[in-house]
Amino acid sequence: MKIKGNFIDIGLRSIYPASLVVNAGRVESVVKDTEHYDSFIMPGLIDSHIHIESSMCSPGAFAVAAVSRGTTSVVSDPHEIANVLGVEGVEFMIEDSRKVPLKFFFGAPSCVPATSFETSGASIGTDDIKYLMAKPEIKFLSEVMNFPGVVNGSNEVMDKIKIANKVGKPVDGHAPGLKGVSLNKYISAGISTDHECGTIEEAEEKIAMGMKIQIREGSAARNFDSLKELVKRYPEKVMLCSDDLHPEMLLRGHINLLVARLVSEGFDVFDTLKSCTVNPASHYGLNTGLLKPGMPADFIVVDDPAKMNVLETYIDGKKVFDRGEVLFDYSGASPVNNFNCSKVGRDEIEIIASSDQMRVIRAFDGQLYTAEEIASVVVGSEIKPDNQNDLLKLVVKDRYRDAPPTTAFIKGFGLKSGAFASSIAHDSHNIISIGTDDDDIVNAINEIVDLKGGLSFVRGEERISLQLPIGGIMSDRPVVDIAGRYEYISERIRANGGRMEAPFMSLSFMSLLVIPELKLSDKGLFRLSSFDYVPLFI
């Protein structure tokens, strides 16, 4: 088979007309010619760090959408499903990925649960890590979010890292804001990447100490504009990733959008493509990423590197996408789940002030970080949401067993009426809800209980939802169906005053304790800087 076009030769840093000759799924040769072509041939794109679960799609459903965007491989951390189902969840992801041609390279989740300050559906210990690391599908130890455990020499955390080091598989990092001596300790343990940099100065310190930086542009966390200069300054040290990509964003595009932005802004096309082909393949030891004789024929044909409209996608020499048509079928998944709680009552989320000052979580659009604010309240009074001042109630309910919900207050979401809830709540995926009215909050939570996982919006008699039957966080329906329902519910939230661009994605991180500063778990209000619970009232 011969594919003709303008060949982008990353190794030679040259673009020339050529025929890419493919035989038995591999590149046989690249033959230069003198013809004129309107299209370009380049290696298939690799997302260097993604949680497939955040697309709300099973691996197979994700693949159907991703190949149309020029993605041929993903480096996937399955710790979301692992927090729900443990090793069984990881094995589900591997098995489902075998149904489609997209190449999934999975990690062994290192922090399940992420901390002991929340309730998860499962745990993954050192014996589980040994078991997973022996699998050929497992290419790395997933992001080590418990950076205090590394810095302080936690035996369990260090043992997991040692297992990965012993078998020669890389260890992914997660160290927001870590610097100086603590950062040096973290990297010295053998941790080689980070996707949590908020500033270029933070990234450069980590690069100077030997780390690779993954430039992230997802649905809730977007650091692309802050970090893109790294592609010019350190082209060998950066990779592109999406981390968490909700379904409506996947429909719009994937890594191809980041490539187009960089190239159209004047970034070197070869350095840009290296960040999502050669660099991740080299770092994780993947047999893909380069188009040269003997390599798997994983490549794409696009109209223009500055636009990145994908015309054709090939994986192992087989065309899987052709000008708008996906050329393989996905048969669907057998749902697995872990959902055991009963409904909540209104009285369980009522809050009476025990002092005249109350901690409030301050959220920001497009950021995983939060801040801590102090609000004045009246001692002995019931604290209710105040939508005029954007003071909303935040509730987290353990979904793995019957336990009372925890309640706090939050600013930044802007909702004026109603409530929304989700069983996508990083990292343990309990039920989380924000609302302006206790009845709506309770009804939104109970809708999720009835569905055994999903998303909901409630405003009086109005109740709309999306069921996610796989672990309460995914569906095997086509991404266009998931995205359509997701967008409709999100629009209802925005129509009722919600100001977050991706309200469910932002909500899902309000329980992620390993991102600064103040978050809410099913066990209580948690402050990262002190790495402990803090009382709601001061």
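Everything below is about the structure shown above.
Residues numbered from 1 in each chain as written. Predicted model: local features only at pLDDT ≥ 70, side-chain atom pairs only at ≥ 80, totals over all residues. Heavy atoms only, no water.

The next point concerns the environment of Ser 331. With respect to the helices and strands, Ser 331 occurs in the loop between β16 (325-326) and β17 (357-363). Residue classification places Ser 331 among the exposed positions, given a relative accessible area of 68%. With 235 residues separating them along the chain, Ser 331 and Asp 96 place their C-alpha atoms 9.7 Å apart. (Helix = DSSP H or I, 4+ residues; strand = E, 2+ residues; numbered from the N terminus. Buried < 20%, exposed > 50% of the residue type's maximum accessible area, 1.4 Å probe, protein only.)

Turning next to the packing of helix α4 (residues 126-133) against helix α6 (residues 155-166). It is the contact of α4 with α6, at a shortest axis distance of 10 Å, that shows an interaxial angle of 15 degrees. Here α6 runs roughly parallel to α4, going by the angle between their axes. Of the two possible hands of crossing, α4 and α6 adopt the one that is right-handed. Judged by residue contacts, Thr 126, Ile 129, Lys 130 and Met 133 of α4 engage Glu 156, Asp 159, Lys 160, Ile 163 and Ala 164 from α6. (Axes fitted to C-alpha atoms, helices over the stretch in contact; angles between N-to-C directions. Parallel < 35°, antiparallel > 145°, perpendicular 65-115°, else oblique. Left-handed = near helix turned anticlockwise from the far one by under 90°. Contact = heavy atoms within 4.5 Å.)

Another aspect to go through is the environment of Thr 126. Within the secondary structure layout, Thr 126 lies in helix α4. A relative accessible area of 24% means that Thr 126 is categorised as partly exposed. Each C-alpha atom, one on Thr 126 and one on Ser 110, is 8.8 Å from the other, the two residues being 16 residues apart in sequence. Beyond its immediate stretch of four places on either side in the chain, Thr 126 contacts Glu 156, Asp 159, Lys 160 and Ile 163.

Now for the side chain of His 254. In this structure, His 254 sits in the loop between α11 (247-252) and α12 (255-264). Taking the relative accessible area as the measure of exposure, His 254 reaches 5% and is therefore buried. The contacts of His 254, once residues within four sequence positions are left out, are Asp 47, Ile 50, Phe 62, Ala 66, Arg 69, Thr 71, Val 74, Ser 242 and Leu 245.

Glancing now at the sheet that holds strand β6 (residues 71-76). Sheet architecture is open: five strands sit in the order β5-β6-β7-β8-β9, paired in parallel fashion. The strands lining the two open edges of the sheet, one partner per strand, are β5 (45-50) and β9 (171-173). Each strand axis lies, on average, 25 degrees off the axis of its neighbour in the sheet, ignoring direction. Summarising the sheet, strand β8 (residues 138-144) and β9 pair through two bridges and their orientation is parallel. Following the sheet pairing, Leu 141 is matched in β9 by Val 171. (Pairing = 2+ DSSP bridges.)

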